[in-house]
Amino acid sequence: RAEAMSLWWKLPTRRVSGTFGMINPEESALLQRWNFMAILAMTFVAIVAPVQVAILKGDDPDGLFILSCAVDLVFLIDLVLQFFIMYPRPTDYGFEWERDRQAIAANYM
């Protein structure tokens, strides 16, 4: 399965109709921007969280605490968003974007 998933972008796909509320990762410019924001949030956590825990005192909520809460909100939104992003499912003729919410949730879990 891992080998098949690594090749999904090279094989032909069929356009999926009836996908109201679902996000096609190939066509969504907004999702690409969101992924960049998630990468920035992960970078922030990787750099700031160790410093915040090891060096800074957490007595009073300050700007860094509020920024950390905003980053946590980005991660929460990203978690919910994953249940609306179609993923490539192998078929006999290539790959098809899975649009069934239950299948997406099962794949995400």
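Not measured: the values here are computed from a predicted model.

Here the focus is the overall build of the chain. Helix and strand counts for the chain stand at four helices and three strands. Counting helices and strands in the order they occur from the N terminus, the chain gives α-β-α-α-β-β-α. Sorting the 109 residues of the chain into buried and exposed places 25% on the buried side. If you take every contact in the chain between residues at least 6 apart in sequence, the share linking residues at least 24 apart comes to 64%. Carbon and sulfur atoms provide 65% of the accessible area of the chain, an area that totals close to 8,000 Å².

Moving on to the nonpolar core. Counting 10 residues, the largest nonpolar core is built from Ile23, Leu31, Trp34, Ala41, Phe44, Val48, Val71, Val74, Leu81 and Ile85. With five residues, the top contributor of residues to this core is helix α2 (residues 29-54). Residues Met22, Met86, Tyr87 and Ile104 belong to the second largest nonpolar core, which totals five residues.

What follows covers the confidence of the model for the chain. Counting all residues, the mean pLDDT for the chain is 78, and 78% of those residues have values of 70 or more. Counted against residues more than four places away or in other chains, residues 6-14, with its pLDDT under 50, gives 15 contacts.

We now examine the pattern of salt bridges. Scanning the entire structure with this criterion turns up one salt bridge. With its nearest N and O atoms 2.3 Å apart, the salt bridge here joins Glu96 to Arg89.

The next thing to look at is the packing of α2 against helix α3 (residues 63-81). Where α2 meets α3, the closest approach of the two axes is 10 Å, and the angle between their N-to-C directions is 140°. Judged on the interaxial angle alone, α3 and α2 are oblique. In terms of crossing hand, the pair formed by α2 and α3 is left-handed. Here Leu31, Trp34, Met37, Ala38, Ala41, Met42, Phe44, Val45, Val48 and Gln52 of α2 lie close against α3, whose contacting residues are Leu64, Phe65, Leu67, Ser68, Val71, Val74, Phe75, Ile77, Asp78 and Leu81. Looking at the contact of α2 with α3 residue by residue, the class counts come to 17 nonpolar, two polar and one charged.

The next subject is the side chain of Glu96. Considering the arrangement of structural elements, one finds Glu96 in strand β3 (residues 94-98). Using a relative accessible area of 11% as the deciding quantity, one classes Glu96 as buried. Separated by 2.3 Å, the side chains of Glu96 and Arg89 make a polar contact. A distance of 3.1 Å separates the side chain of Glu96 from the side chain of Tyr93, its partner in a polar contact.

About the criteria used
Residues numbered from 1 in each chain as written. Predicted model: local features only at pLDDT ≥ 70, side-chain atom pairs only at ≥ 80, totals over all residues. Heavy atoms only, no water. Helix = DSSP H or I, 4+ residues; strand = E, 2+ residues; numbered from the N terminus. Buried < 20%, exposed > 50% of the residue type's maximum accessible area, 1.4 Å probe, protein only. Contact = heavy atoms within 4.5 Å. Areas by Shrake-Rupley, 256 points an atom, 1.4 Å probe, with all protein chains shown as cover. Core = buried A, V, L, I, M, F, W, Y, C linked by side-chain atoms within 4.5 Å. pLDDT = per-residue confidence, 0-100. Salt bridge = Lys/Arg side-chain N within 4 Å of Asp/Glu carboxyl O. Axes fitted to C-alpha atoms, helices over the stretch in contact; angles between N-to-C directions. Parallel < 35°, antiparallel > 145°, perpendicular 65-115°, else oblique. Left-handed = near helix turned anticlockwise from the far one by under 90°. Nonpolar A, V, L, I, M, F, W, Y, C, P; charged D, E, K, R; others polar. Polar contact = N/O pair within 3.5 Å; in protein donor to acceptor, adjacent residues only side chain to side chain.

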